[in-house]
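# Reading the structure
What follows is the residue order along each chain.
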Amino acid sequence: MSNKEVKAALKSARDAIRNKEYKEALKHCKAVLKQEKNNYNAWVFIGLAAAELDQPDQAKGAYKKAIELEPNQLLAWQGLANLYEKPNQTDVKGDLADVYQKLLELYNSGDKQKWCDVCKKLVELYHQEKKYLEVAETWQKLIQRKQEEGAEKAELHQLWKKMIQLLKDSTRNQDNKTEQLLLTAFEHAVNSADVVPSEDHQNLYKDFIQCLSKFPHEAARLEKACNDMMALYPTTSYPLEVLCLHFVRLGALSGKALHCCSRLLEMDANSGPGIIVFGIKCLQDKKYKEAVKSLTEGLQKTNQCPAAWHYLAEAQVKIHKHRNAVLSCNQALEALGNVEGPNLRWKNVVLQLKAETLIKI
């Protein structure tokens, strides 16, 4: 077979594939490979035809042979991606991720839109596998690319919000790097909103503060976010409530905590966190009956505050309501659940108080 005949056979194979005559295409390709066993296009066409004939093993083998011959040519990588994306292909997610990574490398200096499309597919794949750090790092590459291309502020805002959405389920078992990337996404999102103040922006700030409150070591960042939100939304009680509960968890009522409490109660006299802080102040001032009354009322409105249950137990011990104090300790322990980190200190304090109270009983 001459060079001219090889070209003609490859053209016939391409035409056969276009006409969905896949077996015919395979015949032409095999004829070419008898003459040129390392013909890249012939292997790629075999991959295409075999995939359509539901022969995935043959298709994969053909694509891999083509990649071996020309590792930096796009066609075989694209074909392999299409093969792995088929619904009947199971247990190939790891391989598909590697293929997407190579396609990103090959598209990097060329087709920008295809690079972005593959990047989004790779993120979706990582998300399905709950590989949140890879999700965060890959999505951030997409945003950086868009920034370099001069994307509009509104588009970048939506991309930061999408990153938050992708990572929002990861806060339970999150490594520090993923956590920092999530919080950075929140900061960019709240700072890039077009319409401020607005309901959407306010809800975004609430989500940011709620997320920060899950990470005890981010106290300074939490306080800043709450103060920033209060400056933008002075009639909204939410950031003050979060700050009050934050100061309660810290275990000592500072001037800042009391200032927050008085502002909150001026805004909403029925606010659970505000009433709880007032109750703790009564306990510190040795007004034990008032403390029990306020803490009980506050906890009816905001019951998931282990530290407040502990303070209530302390006040109950002071007025010799020992059995009630034990019940309050039990509520604190239930709210704490399986704790680690900073909450472990509260668990030890509650267990000690409970033990001392049981001895008194």
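Residues numbered from 1 in each chain as written. Predicted model: local features only at pLDDT ≥ 70, side-chain atom pairs only at ≥ 80, totals over all residues. Heavy atoms only, no water.

## Focus: the pattern of salt bridges
Scanning the model with the defined rule gives 14 salt bridges in all. Across the pair Lys-281 and Asp-285 runs a salt bridge whose closest N-O atoms are separated by 2.7 Å. You can call Lys-281 partly exposed: its relative accessible area is 28%. Taking relative accessible area as the criterion, Asp-285 reaches 37% and is therefore assigned partly exposed. (Salt bridge = Lys/Arg side-chain N within 4 Å of Asp/Glu carboxyl O. Buried < 20%, exposed > 50% of the residue type's maximum accessible area, 1.4 Å probe, protein only.)

## Considerations on the domain arrangement of the protein chain
Looking at the assigned domains, one finds that the protein chain contains domain 1 (1-86) and domain 2 (96-235). Just the C-alpha atoms count here: the centres of domain 1 and domain 2 sit 40 Å apart. Contact with domain 1, which involves ten residues of that partner, is made by ten residues of domain 2. Together domain 1 and domain 2 conceal approximately 840 Å² of surface at their shared face, both sides included; 71% is due to carbon and sulfur atoms. When residues of domain 1 are sorted by the area they lose upon contact with domain 2, Leu-74, Trp-77 and Glu-85 head the list and together hold 52% of the total. (Domains from an automatic or database assignment. Contact = heavy atoms within 4.5 Å. Buried area = accessible area lost by both parts, 1.4 Å probe.)

## Overview of the UniProt feature "coiled-coil region" (unreviewed entry) in the protein chain
In the numbering used here, UniProt assigns the "coiled-coil region" (unreviewed entry) feature to residues 3-39. End C-alpha to end C-alpha, residues 3-39 measures 11 Å, and it is 81% helix and 0% strand. (UniProt positions renumbered as here; feature names shortened; annotations may be inferred. Helix = DSSP H or I, 4+ residues; strand = E, 2+ residues; numbered from the N terminus.)

## What to know about the environment of Ile-17
As for its position among the elements, Ile-17 is in helix α1 (residues 3-18). Among the residues examined, Ile-17 registers a relative accessible area of 16% and is labelled buried. Measuring from C-alpha to C-alpha, the distance between Ile-17 and Met-267 comes to 72 Å, with 250 residues separating the pair along the chain.

## Things to note about helix α6 (residues 93-107)
Its 15 residues give α6 an end-to-end C-alpha distance of 21 Å, which sits within 8% of 21 Å, the value for a rise of 1.5 Å per residue. Buried within α6 we find Leu-96, Ala-97, Val-99, Tyr-100, Lys-102, Leu-103, Leu-104, Leu-106 and Tyr-107. Buried-residue contacts for α6 involve α5 (74-84), α7 (112-128) and α8 (132-148). (Expected span 1.5 Å × (residues − 1).)

## Section: the packing of aromatic side chains
In the structure shown here, the tally under the stated rule is three aromatic pairs. Centroid distance Phe-186 to Phe-208: 5.3 Å. Interplanar angle 20°. Geometry classified as stacked. Taken as a pair, Phe-186 in helix α10 (residues 176-191) and Phe-208 in helix α11 (residues 199-212) lie far apart in primary sequence, 22 residues in all. Relative accessible area serves as the criterion here: at 4%, Phe-186 is assigned to the buried category. Assessed through its relative accessible area of 4%, Phe-208 is described here as buried. Site record: aromatic cluster; members linked through ring pairs are Phe-186, Tyr-205 and Phe-208. Stacked on the ring of Trp-115, the Lys or Arg Arg-145 has its end atom at 4.5 Å from the ring centre. Against the face of Trp-346 rests Arg-345, its NZ or CZ located 5.0 Å from the ring centre. (Phe/Tyr/Trp six-rings, centres within 6.5 Å; stacked < 30°, edge-to-face > 60°. Lys NZ or Arg CZ within 6 Å of the ring centre and 35° of its normal.)

## Digging into the packing of helix α3 (residues 40-52) against helix α4 (residues 56-69)
Between α3 and α4, the least distance of the axes is 7 Å, while the angle of their chain directions is 160°. Classified by the interaxial angle, the pair formed by α3 and α4 is roughly antiparallel. Our pair here, α3 against α4, has a crossing hand that is left-handed. Of α4, the residues touching α3 (which contributes Tyr-40, Trp-43, Val-44, Ile-46, Gly-47, Leu-48, Ala-50 and Ala-51) are Gln-58, Ala-59, Ala-62, Tyr-63, Lys-65, Ala-66 and Leu-69. (Axes fitted to C-alpha atoms, helices over the stretch in contact; angles between N-to-C directions. Parallel < 35°, antiparallel > 145°, perpendicular 65-115°, else oblique. Left-handed = near helix turned anticlockwise from the far one by under 90°.)

## Examining unusual backbone geometry
Trans is the common state for peptide bonds, and a negative phi is the common state for residues other than glycine. Residue Pro-197 follows Val-196 across a cis peptide bond; omega there is -5°. As for its position among the elements, Pro-197 is in the loop between α10 and α11. One non-glycine residue, Lys-130, lies in positive phi territory at about 60°. Looking at the secondary structure, you find Lys-130 in the loop between α7 and α8. Lys-130 sits in the exposed class, given a relative accessible area of 59%. Unusually for a residue other than glycine, Lys-286 sits at a positive phi of about 65°.

## Focus: α10
Between its first and last C-alpha atoms α10 spans 23 Å; for 16 residues at 1.5 Å apiece the expected length is 22 Å, and the two agree. The secondary structure elements touched by the buried residues of α10 are α8, α9 (153-167), α11 and α12 (219-232).

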